[in-house]
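Listed below are the residues making up each chain.
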Amino acid sequence: MPELPEVETVRRGLAPVMEGRRILKLEQRRADLRFPLPERFGERVSGARIDRLARQAKFLAAHLSNGEVLVMHLGMTGRFTIGGQMPGDFHHATGGISAHDHVVFHMEGGETVTYNDPRRFGFMELWPAATFLAYPRLMTMGPEPLSNRFSPAYLDEALRGKAAPIKAALLDQKVIAGLGNIYVCEALFRSGISPKRLSKTIPGQRAARLAPAINAVIAEAIEAGGSSISDFAATDGALGYFQHRFDVYDREGQPCKTCRAEIKRIVQSGRSTFYCPSCQR
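Cut-off values and rules
- Residues numbered from 1 in each chain as written.
- Predicted model: local features only at pLDDT ≥ 70, side-chain atom pairs only at ≥ 80, totals over all residues.
- Heavy atoms only, no water.
- Core = buried A, V, L, I, M, F, W, Y, C linked by side-chain atoms within 4.5 Å.
- Buried < 20%, exposed > 50% of the residue type's maximum accessible area, 1.4 Å probe, protein only.
- Helix = DSSP H or I, 4+ residues; strand = E, 2+ residues; numbered from the N terminus.
- Contact = heavy atoms within 4.5 Å.
- Pairing = 2+ DSSP bridges.
- Axes fitted to C-alpha atoms, helices over the stretch in contact; angles between N-to-C directions.
- 1 Å grid on protein atoms, 1.4 Å probe; cavity = no way out; pocket = protein on both sides within 12 Å on 5 of 7 lines; lining within 4 Å.
- Points joined across faces, edges and corners; volume = space filled by probe spheres on them.
- Nonpolar A, V, L, I, M, F, W, Y, C, P; charged D, E, K, R; others polar.

Trainee: Any chance you could explain the nonpolar core here in plain terms?
Mentor: One broad trend across soluble globular proteins is that nonpolar side chains are buried collectively. Within the largest apolar cluster, 37 residues are counted, with the highest numbers of intra-cluster contacts made by Ile166, Leu170, Leu210 and Ile214. For this core, the secondary-structure elements that each account for two or more residues are α4 (152–159), α5 (166–171), α6 (181–190) and α7 (205–224). When residues of this core are assigned to their parent elements, the largest contribution, 8 residues, is made by α7. For Ile214, the residues in contact, after removing those within four places along its chain, are Pro145, Phe150, Leu170, Ile176, Leu179 and Ala187. Among the nonpolar cores identified, the runner-up in size contains 30 residues, and Leu14, Phe41, Leu74 and Met107 belong to it.

If you want it as structure tokens, here you go:
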């Protein structure tokens with residue numbers, strides 16, 4: 001599933017052709033994605049201007065001139081393309097079969113923005129702008145990395161007394177919003193913390209290392225355009241290159257870049273965890 005940096009990459013790619021422009025027509029090609037699409041979707045959205053295209057955690061939020069917010073989530077395989085073209089160098093298979101084009105935005109200015117999703121785990125919902133702060137899917141989320149609310153002090157409080165392994169705690173969106181498997185593995189390596197360590201042992205010096213490590217790895221991934229693992233591709237089709245700088249993720253059996261010990265893989269909560277048993281304690 002695309003993580004915060006990937007979704008931010010999509011937002012930045014879409015903004016030049018969507019932000020400040022009207023949706024001349026919304027073409028809905030099926031009734032549902034993960035959930036049913038909004039009632040009278042095309043009628044409610046067509047003609048509205050996208051005043052602001054924002055990102056909150058892993059959600060895209062298009063603030064419309066009609067007083068509604070179009071919330072979009074990419075799920076596991078969702079992607080947007082502009083003009084039907086996906087130029088760029090691809091390092092992974094990306095699909096893009098037109099039969100999976102489910103929603104098409106015909107934009108003022110002549111651009112066509114298409115949402116393609118083979119597995120249909122993504123979704124789109126409309127919510128009143130006046131009460132968007134109460135949007136249920138965002139209400140329970142913790143602070144984002146790079147935000148003013150996220151700090152070592154916040155981690156101290158959020159993790160205190162938790163018996164779960166730190167890897168599981170960091171994947172909990174109620175603890176940190178937008179953080180996923182790839183960047184948790186990388187941040188834990190950078191901070192020298194074992195993914196098996198209990199969360200309640202993190203407050204203090206370990207939290208002081210972990211919070212800036214999370215911020216650094218997220219900032220670098222955004223700068224690189226997202227990691228583009230598996231099915232993710234930026235809106236222009238160009239994959240990000242952060243994966244070439246991974247220290248541990250997907251490097252099982254390879255030597256650690258720091259100590260040359262062998263990178264290990266374990267499964268935690270059904271997810272692969274990559275770490276260096278020598279550097280991370």
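Trainee: Just to check I follow, could you spell out the sheet that holds strand β2 (residues 50–56) for this structure?
Mentor: Two modes of strand pairing occur in sheets, parallel and antiparallel, and in both the strands are linked by backbone hydrogen bonds. Taken together, the 4 strands give an open sheet; going across it, the order is β2-β3-β4-β8, and neighbouring strands pair in antiparallel fashion. One side of each edge strand has no neighbouring strand; the edge strands of this open sheet are β2 and β8 (123–128). The mean inter-strand angle of the sheet, taken between neighbouring strand axes irrespective of direction, is 20°. In this sheet, strand β3 (residues 59–64) lies alongside β2 in antiparallel orientation, the contact comprising 6 bridges.

Trainee: Just checking my understanding: could you explain the layout of surface pockets for this structure?
Mentor: Unfilled space is identified by rolling a water-sized probe across the atoms. There is about 220 Å³ of room inside the second largest pocket. What lines the second largest pocket is a set of 13 residues, among which Gln56, Leu138, Met141, Gly142 and Arg149 lie closest to the centre. When its residues are assigned to classes, the lining of the second largest pocket shows 8 nonpolar, 3 polar and 2 charged.

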